[in-house]
Amino acid sequence: MNQYDPKHIDKALKRMEEADKLRSIGKQSNNTNIMSFFDDVEEEHKLQKQQSAAEVKKDEYLKSVKLLKTLIQENGTKSDLTRILEVGLLIESTDFLNIPSDRKKMLKENMDWCNKQYEKYVDTTK
């Protein structure tokens with residue numbers, strides 16, 4: 001019957017310990033996964049698209065308000081001019097990407113008012 005050499009047993013134990021260390025490193029570093037990198041890039045791309053869409057919407061609202069402001073300056077009242085300036089400030093100060101529901105409701109009401117005023121002033125200029 002052959003006896004095991006203690007040197008070989010020690011070497012085998014060291015290899016097993018090193019293998020355990022390598023396994024634990026792989027489990028700890030989930031962030032090095034290449035797919036998580038692509039997921040992060042994709043999320044960043046989606047966020048950039050949302051920010052772009054929000055900026056476009058904001059610019060459209062501001063153009064509409066500027067047009068209405070011009071009409072009101074020519075034919076409107078001082079109170080209408082004051083309100084349209086306030087609406088413009090509301091739009092400029094609104095973060096369209098993270099708009100709270102109360103601000104969204106306020107903005108919608110003001111844009112409805114703007115639409116009515118636009119129709120009113122377009123009809124009077126004809």
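For the structure itself, consult the block above.
Predicted, not measured: the structure shown is a model, and the values here were computed from it.

A.B. asks: What exactly am I supposed to notice about the overall build of the chain here?
C.D. replies: Counting secondary structure elements, the chain contains 4 helices and 0 strands. Mapped from its N terminus to its C terminus, the chain presents α and β elements in the order α-α-α-α. Within the chain, the proportion of its 126 residues that are buried is 17%. Nonlocal contacts in the chain, meaning residues at least 24 apart in sequence, comprise 64% of its contacts between residues at least 6 apart. In the structure as shown, the chain presents an accessible area of about 10,600 Å², 53% of it carried by carbon and sulfur atoms.

A.B. asks: I'm lost on a nonpolar patch on the surface in this one. Help?
C.D. replies: There is a patch of nonpolar side chains on the surface, built from Ile-34, Met-35, Phe-37, Phe-38 and Val-41 and spanning about 510 Å² of accessible area. Turning to its location among the elements, Met-35 is positioned in helix H2 (residues 34–75).

A.B. asks: Just checking my understanding: could you explain the pattern of salt bridges for this structure?
C.D. replies: Pairing is possible between side chains of opposite charge, provided their charged atoms come close. For the structure on display, the rule yields 3 salt bridges. Here Asp-80 makes a salt bridge to Lys-120, at a shortest N to O gap of 3.6 Å. With Asp-80 in helix H3 (residues 78–93) and Lys-120 in helix H4 (residues 101–125), this pair connects stretches of sequence that are 40 residues apart. Its relative accessible area of 40% is what places Lys-120 among the partly exposed residues. Among the salt bridges present, the one from Asp-112 reaches Lys-108, with a minimum N-O distance of 3.7 Å. Highlighted residues: Asp-112 and Lys-108, both in helix H4, separated by 4 residues, approximately one helical turn.

A.B. asks: I tried to follow a negative patch on the surface on my own but got confused; where do I start?
C.D. replies: A contiguous patch of negative charge on the surface is contributed by Asp-39, Asp-40, Glu-43 and Glu-44. Relative to the elements of secondary structure, Asp-40 occurs in helix H2.

A.B. asks: Is there a simple way to explain the side chain of Gln-117 in this structure?
C.D. replies: With respect to the secondary-structure elements, Gln-117 resides in helix H4. Other than its neighbours up to four places away in sequence, Gln-117 contacts Leu-68 and Asp-80.

A.B. asks: Looking at this structure, I do not really get the nonpolar core. What am I missing?
C.D. replies: Within soluble globular proteins, side chains that are nonpolar generally end up buried alongside one another. Of all hydrophobic cores here, the largest spans 16 residues; its most connected members are Leu-68, Ile-84, Val-87, Ile-91 and Cys-114. Among the elements of the structure, H2, H3 and H4 are those that each provide at least two residues to this core. In this view, Leu-68 contacts Ile-84, Cys-114, Gln-117, Tyr-118 and Tyr-121; residues no more than four positions away in its chain are not counted.

Rules and cut-offs
Residues numbered from 1 in each chain as written. Predicted model: local features only at pLDDT ≥ 70, side-chain atom pairs only at ≥ 80, totals over all residues. Heavy atoms only, no water. Helix = DSSP H or I, 4+ residues; strand = E, 2+ residues; numbered from the N terminus. Buried < 20%, exposed > 50% of the residue type's maximum accessible area, 1.4 Å probe, protein only. Contact = heavy atoms within 4.5 Å. Areas by Shrake-Rupley, 256 points an atom, 1.4 Å probe, with all protein chains shown as cover. Patch = residues over 30% accessible without salt bridge, like charges linked within 9 Å, V, L, I, M, F, W, Y side chains within 5 Å. Salt bridge = Lys/Arg side-chain N within 4 Å of Asp/Glu carboxyl O. Lys, Arg positive; Asp, Glu negative; His and termini not counted. Charge placed at Lys NZ, Arg CZ, Asp CG, Glu CD. Core = buried A, V, L, I, M, F, W, Y, C linked by side-chain atoms within 4.5 Å.

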